[in-house]
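Chains, contacts and geometry: an overview
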Amino acid sequence: MRVAWPIASDCYNEKGKPENEINQEISLTYFHISPTRNKFIAVGCDIFGALDAFDSWGNHYATGCVAYCNKPNDTEANQSCSGIGCCEISIPQGHHQLLTKVVYIANTILDNNHSSVHDFNPCGYAFLVEKGYYSFKPTDLSLKKKEFPVVLNWALGNQTCQQSKKNHSSYACNANSTCHNVGKSDGGYICRCFDGYRGNPYLHRDGCQDINECMEPNDCVKKATCVNLLGSYQCLCPAGSEGDGKKKGTRCTKKLSTKQRKDIILIIALSVSLSLVALLVGSFYAYFALKKRKLIKLKEQFFQQNGGLLLQQQIGRHGGSTETAKVFTLGELNEATNNFDEGKILGQGGQGTVYKGV
């Protein structure tokens, strides 16, 4: 529930005498101040906003914030409640979360009766306000608004849902409704209708009634037929169509024939098969390319190990060209020496056996 609640103020005249000093107190019996949906704000250039909160068990929580500035221009570059001309804090939730009483006041910081800022800020203000409702402006240093909306919660008793359900005679949630805890452990409870139902969950008869979604804006596409169900509804696609019939769902699409379904399955199967074949061909190609590359590197390695580089250097040293030198393969050597026939041996030395090749 939302109610309007007046502001607290601390004003002084030009002679430094107090006038229009107003403190505020909210005391509730059946309702509780929401600590999560409201906040506490102080506005002024020489102001301390103090807040005292009391829960349903008499626990006391005190807090406050300070707003200060030297001149009106200070607030123009900082139009937020960060401490320059305006400050804000959250409301203490307390142990039981049921705030039944709040006292808030506005006082000067420097105890100089606003004399240093009186020309542009003769008053300081403090107030509770619903979150998201108020945005600070430099002109608020002379606040014209005298009250702001405050959100109140309502709850039954001081027991949880689990505790209250044990007493069937006093448990208040009726058919088609659910129970929700308000406090952490002993803050009472409230009843809410199930999704798809509307009404008063505290009434024994005709409390939460089914909502006929088909009579209200719903998610069915135009060509779908809305069918109301208890707590829900369905969107039926016309004959020859399939889908859930909802705008945010699969909608209604033309139903495929058996032949069309088989064709789609065949196309998918062929696509998968071709992809696998392409993958296999690519894999084989990569394998043979890698193997060929390894053979080339192996030949280069053997060439270096068997004095190939030394041979090239010797040829170059005697004025020859390394490009005219030929490195024979093992097959060519076998053919030229008749498989290394001993009759082809020209001589032997420390570097090995020399054969005659033809």
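Definitions and cut-offs
Residues numbered from 1 in each chain as written. Predicted model: local features only at pLDDT ≥ 70, side-chain atom pairs only at ≥ 80, totals over all residues. Heavy atoms only, no water. UniProt positions renumbered as here; feature names shortened; annotations may be inferred. Helix = DSSP H or I, 4+ residues; strand = E, 2+ residues; numbered from the N terminus. Patch = residues over 30% accessible without salt bridge, like charges linked within 9 Å, V, L, I, M, F, W, Y side chains within 5 Å. Areas by Shrake-Rupley, 256 points an atom, 1.4 Å probe, with all protein chains shown as cover. Salt bridge = Lys/Arg side-chain N within 4 Å of Asp/Glu carboxyl O. Lys, Arg positive; Asp, Glu negative; His and termini not counted. Charge placed at Lys NZ, Arg CZ, Asp CG, Glu CD. Buried < 20%, exposed > 50% of the residue type's maximum accessible area, 1.4 Å probe, protein only. Contact = heavy atoms within 4.5 Å. Phe/Tyr/Trp six-rings, centres within 6.5 Å; stacked < 30°, edge-to-face > 60°. Lys NZ or Arg CZ within 6 Å of the ring centre and 35° of its normal.

Named according to an unreviewed UniProt entry, the protein chain is Wall-associated receptor kinase 2-like protein originating from Trifolium pratense. According to the UniProt record, the Subcellular location (unreviewed entry) comment for the protein chain reads "Membrane".

All right, on to the UniProt feature "transmembrane region" (unreviewed entry) in the protein chain then. Sequence positions flagged by UniProt for "transmembrane region" (unreviewed entry) are, in local numbering, residues 264–290. Across residues 264–290 one finds 100% helix and 0% strand; the C-alpha atoms that close the span lie 39 Å apart.

Together, Lys222, Lys223, Lys247 and Arg251 give the surface a local cluster of positive charge. The residue Arg251 is located in the loop between β19 (241–242) and β20 (253–254) in this model.

Turning to the environment of Cys226, a few remarks are in order. Structurally, Cys226 can be placed in strand β17 (residues 225–229). Exposure remark for Cys226: the relative accessible area of 23% places this residue in the partly exposed category. Distance in space between the C-alpha atoms of Cys226 and Cys237 is 9.1 Å, their sequence separation being 11 residues. Leaving out residues up to four positions away in the same chain, Cys226 has contacts with Glu213, Cys214, Asn218, Cys220, Tyr233 and Gln234.

Moving on to the packing of aromatic side chains. As enumerated under the stated definition, the model contains nine aromatic pairs in all. Here Phe127 and Tyr134 contribute two aromatic rings whose centre-to-centre distance is 5.3 Å and whose plane-to-plane angle is 80°, an arrangement assigned as edge-to-face. Given the relative accessible area of 0%, Phe127 is considered buried. Classification of Tyr134 by relative accessible area gives buried; the value is 10%. Ring centres of Tyr134 and Phe148 lie 5.7 Å apart, and the angle between their planes is 85°; this geometry places the pair in the edge-to-face category. One end of the pair, Tyr134, is in the loop between β11 (123–130) and β12 (147–154); the other, Phe148, is in strand β12, and 14 residues separate them in sequence. Above the plane of the ring of Phe148 lies Lys145, whose end atom (NZ or CZ) is 5.7 Å from the centre. It is Lys246 that lies over the ring of Tyr233; its NZ or CZ is 5.0 Å from the centre.

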